[in-house]
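If you want the building blocks of each chain, they are given just below.
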Amino acid sequence: MKLIDRINTAFESWIDPFGKTGDLKPPKEPLAYFWFYIRQAKGPFLVMLALGGAVALVEAGLFYFVGRLVDLLDSSAQAEGWSGLISAHGGELTFMLVTVVLIRFVVTWASALVEEQTVNLGFYNLVRWQSYAHVVRQSLSFFQNDFAGSIAQKVWQSGGAVGDFVVGIVQVVWFMVVYTLTTLILVAQLDWRLAALVALWVVLFFVLARFYVPRMRGYAAATAETASALNGRIVDSYSNILTLKLFGNADTDDRYARTGFDRFLEALRLLARTVTSVRASMAMLSGVMIAAIAWLSVHLWTMNVVSVGGVAFTLGLLLRLNMLLGRMMNQLNALMRNFGVAQNAAELISQPLRLVDAPDATPLKITKGEVRFDNVSFHYGRESGVIDNLDLVIAPGERVGLVGRSGAGKSTLVNLLLRFYDLEGGRITIDGQDIAKVTQESLRANIGVVTQDTALLHRSVRANLAYGRQDASEEDIMGAAGLAEAHEFISDLVDYRGRTGYDAHVGERGVKLSGGQRQRVAIARVLLKNAPILVLDEATSALDSEVEAAIQSQLERLMAGKTVLAIAHRLSTIAAMDRLIILDKGRIVEEGTHAELLERGGHYANLWERQSGGFLDPQANAAQ
């Protein structure tokens, strides 16, 4: 068993599914897309090619052995029994026995090892892993322009489609090439006319393939695209199930999903009709050719040109060839489906990263924490609007609040600081370092963010808290949760699998927790990360007044010694900031302290007057 285990391990580790080649972006052109991954596993595929040819030779040899055995029996004296048969033909019979029992076993076993334990295990997942690793590094806008479910399906299917296509070529098409050539050679030894009919059969087969395969490829690509779009619609409905339930509009959502089904079924219908035509054409061709070759074989036997064994061998070989040609046509159908799926996936996966580190990017080094916006402009690709020629300097350790109506550009400014988008004009620097020239990971590692719409990973509470600081101890994790007023409710958590406390899973996007609980976990996560620059985007909007009052003092601790950029619609939550920046239509229209801005009676004063009771007292905040 130890030897078997070593053999299994050797084949299973031949291809590293997590191997990387540097740039993980494959080409968009289908054949180049396939080669991008195949070249990383050339050795296993060459071995599979050789073994596939050997299996085909052995399969053809079996039918040859049947014919030879019939002839040997026909020419031997039955009365002499086994001894006479072995005496006259022992060497040939031994070769047949060794081939059938031993060689066939070894070749089949080795072929299975390479296909199942090397290619299926390593290659398929290498394609999936590299596709995932490339796509996950795409810009934020990339994911905002498509269904998450559709993207995930294409990434996952890429491995199966590429793997199945290549394995199909090697295991079926190559097998058929070797088997057909062997059949022609063996039949030609009996009579050239039989070989000519077999060759005609093969030529007509490829004529049919030449006619139908391009059509199947086009229909398969269309089917794959509509299938991924349909999957995206289904996932979108499930992901937003609460909205569906709240509006009680199941019929409308059914119609939305039904439209996706209709498009998928229409594409699938064209493919299905083509496949039916292929199968019918193959049945007609094979029936005519088998009858013709059978008639010719018997005719040649009546003329004493071929033996009974030759007829048996020829018909057995051709029946097997018929089955394999049918399998090959079906496989061509599957190959084209996989080709279409891979082509569809390639269009997504091969897209270049839209936002990349500069070639000479270096890690961001925080010395003081000064943030500077110099003549910044950004319009989401439009001619104007959003942010126009904005200048802003946030001093080290300064706490700045951003105020403005919806659409004024507050969140856009934060997104630009985090470099989720590249600027269309100007630059942003941190301690004099242009953020476009530092690595994205180091930039975001030095900025702690608490957003209004907090989404947690469907993992344990502990994993969510430690996401920004992987080396955090249990004491650190619980300490941060305590500061965020989250430890008590975390300790009482029990998930659907019975996991409790910090081991409990929070559901997709944290749906198992209330809005306030998610927000407290998010605040604890940033407390634990302890980045020198802090962004608060409506950080306490999901909290009730009592909990917000309890957390405000902890936010003061969180902000201590940090450069802070805070956004809030409830002005009372940021009134105590060192400076308030009032944005309107992407421009700074006012700035100053809360008191100074009220005295001016401008935009801020108008916004302040419109807000009614129930907010925290800014003076109380300032006193904490």
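Residues numbered from 1 in each chain as written. Predicted model: local features only at pLDDT ≥ 70, side-chain atom pairs only at ≥ 80, totals over all residues. Heavy atoms only, no water.

Under the annotation held in an unreviewed UniProt entry, the chain carries the name Multidrug ABC transporter ATP-binding protein and is attributed to Devosia geojensis. UniProt, in the comment section headed Subcellular location (unreviewed entry), describes the chain in these words: "Cell membrane". Looking at the Function (unreviewed entry) heading of the UniProt record, one finds this comment for the chain: "Part of an ABC transporter complex. Transmembrane domains (TMD) form a pore in the inner membrane and the ATP-binding domain (NBD) is responsible for energy generation." (UniProt positions renumbered as here; feature names shortened; annotations may be inferred.)

A. Region of interest: the overall build of the chain. Within the chain, the regular secondary structure consists of 20 helices and ten strands. Its C-alpha atoms give the chain a radius of gyration of 35 Å, more than 25% over the compact-globule value 25 Å for 624 residues. Dimensions of the chain along its principal axes, counting C-alpha atoms only, are 120 × 55 × 50 Å. When each of the 624 residues of the chain is scored for burial, the buried share is 47%. For the chain, long-range pairs separated by at least 24 residues make up 79% of all intrachain contacts whose partners lie at least 6 apart in sequence. Working note: accessible area of the chain is about 30700 Å², and carbon and sulfur atoms make up 58% of it. A gap of 5 Å separates the mean positions of the 58 positive and 61 negative side-chain charges of the chain. (Helix = DSSP H or I, 4+ residues; strand = E, 2+ residues; numbered from the N terminus. Rg over C-alpha atoms; globule rule 2.2 N^0.38 Å. Buried < 20%, exposed > 50% of the residue type's maximum accessible area, 1.4 Å probe, protein only. Contact = heavy atoms within 4.5 Å. Areas by Shrake-Rupley, 256 points an atom, 1.4 Å probe, with all protein chains shown as cover. Lys, Arg positive; Asp, Glu negative; His and termini not counted. Charge placed at Lys NZ, Arg CZ, Asp CG, Glu CD.)

B. Focus on the UniProt feature "transmembrane region" (unreviewed entry) in the chain. Residues annotated by UniProt as "transmembrane region" (unreviewed entry) correspond here to residues 45-66, 86-107, 165-188, 194-213, 270-295 and 301-319. Regarding residues 86-107, the helix share stands at 100% and the strand share at 0%, and the terminal C-alpha atoms are separated by 27 Å. End C-alpha to end C-alpha, residues 194-213 measures 28 Å, and it is 100% helix and 0% strand.

C. Inspection of the pairing of strand 10 (residues 587-592) at higher detail. Relative to strand 10, strand 9 (residues 579-584) runs antiparallel, the two being bridged by five bridges. When the sheet's bridge partners are listed, Leu580 is paired in strand 10 with Gly592. Adjacent in sequence and paired antiparallel, strand 9 and strand 10 are bridged by two residues, among which Lys585 carries a positive phi angle near 55°. (Pairing = 2+ DSSP bridges.)

D. Spotlight on the packing of helix 4 (residues 81-135) against helix 6 (residues 148-190). For the pair helix 4 and helix 6, the least separation of the axes is 9 Å and the interaxial angle reads 150°. Once helix 4 is placed against helix 6, the crossing between them reads as right-handed. Between helix 4 and helix 6, the residues in contact are Ser111, Glu115, Val119, Phe123, Tyr124, Val127, Arg128, Ser131, Tyr132 and Val135 and Ile151, Val155, Trp156, Ser158, Gly159, Gly160, Val162, Gly163, Asp164, Val167 and Gln171, respectively. In the contact of helix 4 with helix 6, the residues fall into eleven nonpolar, seven polar and three charged. (Axes fitted to C-alpha atoms, helices over the stretch in contact; angles between N-to-C directions. Left-handed = near helix turned anticlockwise from the far one by under 90°. Nonpolar A, V, L, I, M, F, W, Y, C, P; charged D, E, K, R; others polar.)

E. Seen up close, the sheet that holds strand 1 (residues 371-378). Ordered by their spatial adjacency, four strands build an open sheet running 2-1-4-5, and the pairing between neighbours is antiparallel. The sheet is open, and its two borders are formed by strand 2 (387-394) and strand 5 (433-434), each paired with just one other strand. Bridge count for strand 1 against strand 4 (residues 425-430) is five bridges, and the pairing is antiparallel. Bridge pairing in strand 4 places Phe373 opposite Ile428.

F. Seen up close, unusual backbone geometry. One non-glycine residue, Asn530, adopts positive backbone phi at about 55°. Examined against the element boundaries, Asn530 turns out to sit in the loop between helix 16 (515-529) and strand 7 (533-537).

G. Quick peek at the sheet that holds strand 6 (residues 447-450). Taken together, six strands build an open sheet; the order of strands is 6-7-8-3-9-10 and the sheet is mixed. Since the sheet does not close on itself, it has two edges, and those belong to strand 6 and strand 10, each with one partner. On average, each strand axis in the sheet is inclined to that of its neighbour by 20°, with strand direction left out of account. Set on the sheet, helix 11 (residues 410-417) makes contact with strand 3 (399-403), strand 6, strand 7, strand 8 (563-567) and strand 9; between it and strand 8 the angle comes to about 145°. Here helix 16 sits on the sheet in contact with strand 6 and strand 7, set at roughly 170° to strand 6.

H. Main features of the domain arrangement of the chain. Segmentation of the chain into domains returns domain 1 (24-190 + 340-354), domain 2 (192-305) and domain 3 (371-613). The distance between the C-alpha centroids of domain 1 and domain 3 comes to 54 Å. (Domains from an automatic or database assignment.)

I. Structural context of empty space enclosed by the protein. Under the counting rule described, the total for this entry stands at two cavities of 30 Å³ or more. One number sums up the size of the second largest cavity: a volume of about 30 Å³. Every residue along the wall of the second largest cavity is listed here: Val371, Ile394, Leu417, Ile533, Leu534, Thr563, Val564 and Leu565. Of all elements in the fold, only strand 7 and strand 8 reach the threshold of two or more residues within the lining of the second largest cavity. (1 Å grid on protein atoms, 1.4 Å probe; cavity = no way out; pocket = protein on both sides within 12 Å on 5 of 7 lines; lining within 4 Å. Points joined across faces, edges and corners; volume = space filled by probe spheres on them.)

J. Looking closely at helix 14 (residues 474-483). Buried within helix 14 are the following residues: Ile477, Ala480 and Ala481. The arc that holds the buried residues of helix 14, viewed along the axis, is 100°, so those residues lie on one side. Along its buried surface, helix 14 packs onto helix 13 (461-465), helix 15 (487-491) and helix 16. Positioned one or two residues after helix 14, Glu485 has a phi angle of 60°, which is positive. (Arc of directions from axis to C-beta.)

K. Structural view of the side chain of Gln138. Within the secondary structure, Gln138 sits in the loop between helix 4 and helix 5 (140-144). Within polar-contact distance, the side chain of Gln138 engages the backbone oxygen of Gln351 at 3.0 Å. Polar contacts involving the side chain of Gln138 include one to the main-chain carbonyl oxygen of Pro352, which spans 3.4 Å. If we skip the residues at most four places from it in the chain, Gln138 touches Phe143, Gln351, Pro352, Leu353 and Arg354. (Polar contact = N/O pair within 3.5 Å; in protein donor to acceptor, adjacent residues only side chain to side chain.)

L. How the structure looks around the packing of helix 2 (residues 30-38) against helix 4. Following both chains from N to C, one finds helix 2 and helix 4 inclined at 110°, their axes separated by 10 Å at the closest point. With respect to their mutual orientation, helix 2 and helix 4 come out roughly perpendicular. Regarding helix 2 and helix 4, the two cross each other, and that crossing is right-handed. Between helix 2 and helix 4, the contacting residues are Phe36, Tyr37 and Ile38 on the first element and Phe123, Leu126, Val127, Gln130 and Ser131 on the second. Classifying every residue of the contact of helix 2 with helix 4 by side-chain character gives six nonpolar, two polar and no charged. (Parallel < 35°, antiparallel > 145°, perpendicular 65-115°, else oblique.)

M. Structural detail: the environment of Tyr502. Position of Tyr502 relative to the elements: it lies in the loop between helix 15 and helix 16. Taking relative accessible area as the criterion, Tyr502 reaches 5% and is therefore assigned buried. When the C-alpha positions of Tyr502 and Ser572 are compared, they lie 33 Å apart, and in sequence the two are 70 residues distant. Those residues in contact with Tyr502 that sit more than four places away from it in its chain are Ser460, Val461, Arg462, Leu465, Ile477, Met478, Ala481, His487 and Ile490. A polar contact is formed between the side chain of Tyr502 and the side chain of His487, at a distance of 2.7 Å.

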